[in-house]
Amino acid sequence: QQQVRQSPQSLTVWEGGTTVLTCSYEDSTFNYFPWYQQFPGEGPALLISILSVSDKKEDGRFTTFFNKREKKLSLHIIDSQPGDSATYFCAASQGGRALIFGTGTTVSVSP
Amino acid sequence: EAAVTQSPRNKVTVTGGNVTLSCRQTNSHNYMYWYRQDTGHGLRLIHYSYGAGNLQIGDVPDGYKATRTTQEDFFLLLELASPSQTSLYFCASSEGGANQDTQYFGPGTRLLVL
């Protein structure tokens, strides 16, 4: 049973466009939601994170939104660049519990 | 920045074979983790540890053993490898066990079980 669902599985955007990734989760006790970015041949690395007390967090071209009522979160990448081509994982956790990762979205940005 | 290294980077074995994957972190982090990454499943936690000699069971532990010999070194053991264990394995570390602690990942080990 996948506790954190992520969509789409893959997508292609044009350079300069906006990329939108979404995740949903089951456990209402989750309170921490990081996004990890993974380039081919490398391990994932933390990109941005948000706590359940917030509904938006921005870091440069990357913004994550959180909707507690709908149990959903999203990652928006504005002005997408070819260097943003990677696999993105959302994750969730609560308290001392380990992170639960989504299935990942592979993003390709075409010049 | 945290440094996590894994060896080997690639490994081929046969069904029933014995495999040990190694991980070392050099930032004095307390927590270390082993994940497997498979298409359609994302990253799934196999085992983790909060210190030398400690081992905690993750979400997909069947067929795997792990041992944390020092604060730096964490090993994943497959004593009777099966084709279902063909996967990309990642080690990670974090300073503490709080859910907000950033996990730092190694470069991965690709394992093929024939």
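Residues numbered from 1 in each chain as written. Chains lettered and ligands numbered in written order. Predicted model: local features only at pLDDT ≥ 70, side-chain atom pairs only at ≥ 80, totals over all residues. Heavy atoms only, no water.

With 23 residues of chain A at the interface, the matching set in chain B holds 19 residues. Of the roughly 1,600 Å² buried at the junction of chain A and chain B (both faces included), carbon and sulfur atoms supply 53%. For the chain A face of the interface with chain B, the top three residues by lost area are A:Y32, A:P44 and A:F101, together amounting to 27%. Where chain A packs against chain B, one counts 0 salt bridges. Where chain A packs against chain B, one counts 2 residue pairs in polar contact (both at pLDDT 80 or more). Elements with a contribution of two residues or more to the side of chain A that touches chain B: β4 (32–38) and β5 (45–51) of chain A. Tallying contributions element by element places β4(A) first for the side of chain A that touches chain B, with 3 residues. Partitioned by chemical class, the residues of the side of chain A that touches chain B number 9 nonpolar, 12 polar and 2 charged. (Contact = heavy atoms within 4.5 Å. Buried area = accessible area lost by both parts, 1.4 Å probe. Salt bridge = Lys/Arg side-chain N within 4 Å of Asp/Glu carboxyl O. Polar contact = N/O pair within 3.5 Å; in protein donor to acceptor, adjacent residues only side chain to side chain. Helix = DSSP H or I, 4+ residues; strand = E, 2+ residues; numbered from the N terminus. Nonpolar A, V, L, I, M, F, W, Y, C, P; charged D, E, K, R; others polar.)

Counting residues in each nonpolar core, the largest one holds 24 residues, and the members touching the most others are A:F33, A:W35, A:L73, A:L75 and A:Y88. At the level of secondary structure, the elements contributing two or more residues to this core comprise β2 (10–14), β3 (19–25), β4, β5, β7 (62–67), β8 (72–77), β9 (86–92) and β11 (105–110) of chain A. Counting residues per element, this core draws most heavily on β9(A), at 4 residues. Residues contacting A:L73, with those up to four places away along its chain left out, are A:L21, A:T22, A:C23, A:Y25, A:F33, A:W35, A:F65, A:F66 and A:C90. In terms of nonpolar packing, the next biggest core, distinct from the first, is built from 17 residues, B:V19, B:M32, B:Y64 and B:V113 among them. (Core = buried A, V, L, I, M, F, W, Y, C linked by side-chain atoms within 4.5 Å. Buried < 20%, exposed > 50% of the residue type's maximum accessible area, 1.4 Å probe, protein only.)

Bringing the sheet that holds β7(A) into the picture now. Residue and element names in this part refer to chain A. Ordered by their spatial adjacency, 5 strands build an open sheet running β1-β3-β8-β7-β6, and the pairing between neighbours is antiparallel. Only two strands of the sheet have a single partner each, and these edge strands are β1 (4–7) and β6 (56–59). Ignoring strand direction, the axes of neighbouring strands in this sheet form an average angle of 15°. (Pairing = 2+ DSSP bridges. Axes fitted to C-alpha atoms, helices over the stretch in contact; angles between N-to-C directions.)

Residue and element names in this part refer to chain B. Using the criterion set out here, one finds 2 disulfides over all chains in the structure. Across a sulfur-sulfur distance of 1.9 Å, C23 and C91 are joined as a disulfide pair. Judged by the torsion about the S-S bond (-75°), the C23/C91 disulfide is left-handed. Linking C23 in strand β3 (residues 19–25) with C91 in strand β9 (residues 87–94), this pair joins segments that are 68 residues apart in sequence. (Disulfide = S-S within 2.5 Å.)

For the rest of this paragraph, the subject is the packing of aromatic side chains. According to the stated counting rule, one finds 17 aromatic pairs over all chains in the structure shown. On the basis of an interplanar angle of 35° and a centroid distance of 5.5 Å, the ring pair of B:Y35 and B:F105 is categorised as tilted. Highlighted residues: B:Y35 in strand β4 (residues 31–38) and B:F105 in strand β10 (residues 104–105), separated in sequence by 70 residues. An aromatic cluster of at least three residues, connected via ring pairs, comprises A:Y36, A:F89, A:F101, B:Y31, B:Y33, B:Y35, B:Y48, B:Y50, B:F90 and B:F105. (Phe/Tyr/Trp six-rings, centres within 6.5 Å; stacked < 30°, edge-to-face > 60°.)

Of the voids in this model, the largest pocket is the one considered here, and its volume is about 520 Å³. The wall of the largest pocket is formed by 27 residues, among which A:Q38, B:Q37, B:T39, B:L88 and B:R110 lie closest to the centre. At the level of elements, β9 and β11 of chain A together with β4, β9 and β11 (109–113) of chain B are the ones that each hand at least two residues to the lining of the largest pocket. Looking at the lining of the largest pocket, the element that brings in the most residues is β9(B), giving 3 residues. (1 Å grid on protein atoms, 1.4 Å probe; cavity = no way out; pocket = protein on both sides within 12 Å on 5 of 7 lines; lining within 4 Å. Points joined across faces, edges and corners; volume = space filled by probe spheres on them.)

Now for the pairing of β5(A). All names here are of chain A. Alignment of β4 against β5, held across 6 bridges, turns out to be antiparallel. Opposite Q37, over in β5, you have A45 as the bridge partner. Linking β4 to β5, which pair antiparallel, is a turn of 6 residues; within it G41 sits at a positive phi near 80°.

Residue and element names in this part refer to chain B. What the rule picks out here adds up to 7 salt bridges over all chains. The partner of R24 in a salt bridge is D73, and the shortest N-O contact between them spans 2.8 Å. With R24 in strand β3 and D73 in strand β8 (residues 73–78), the pair connects residues that are 49 residues apart, well separated along the chain. We classify D73 as buried; its relative accessible area is 11%. Look at the salt bridges and you will find they share partners, linking R36, D38 and R44 into a network.

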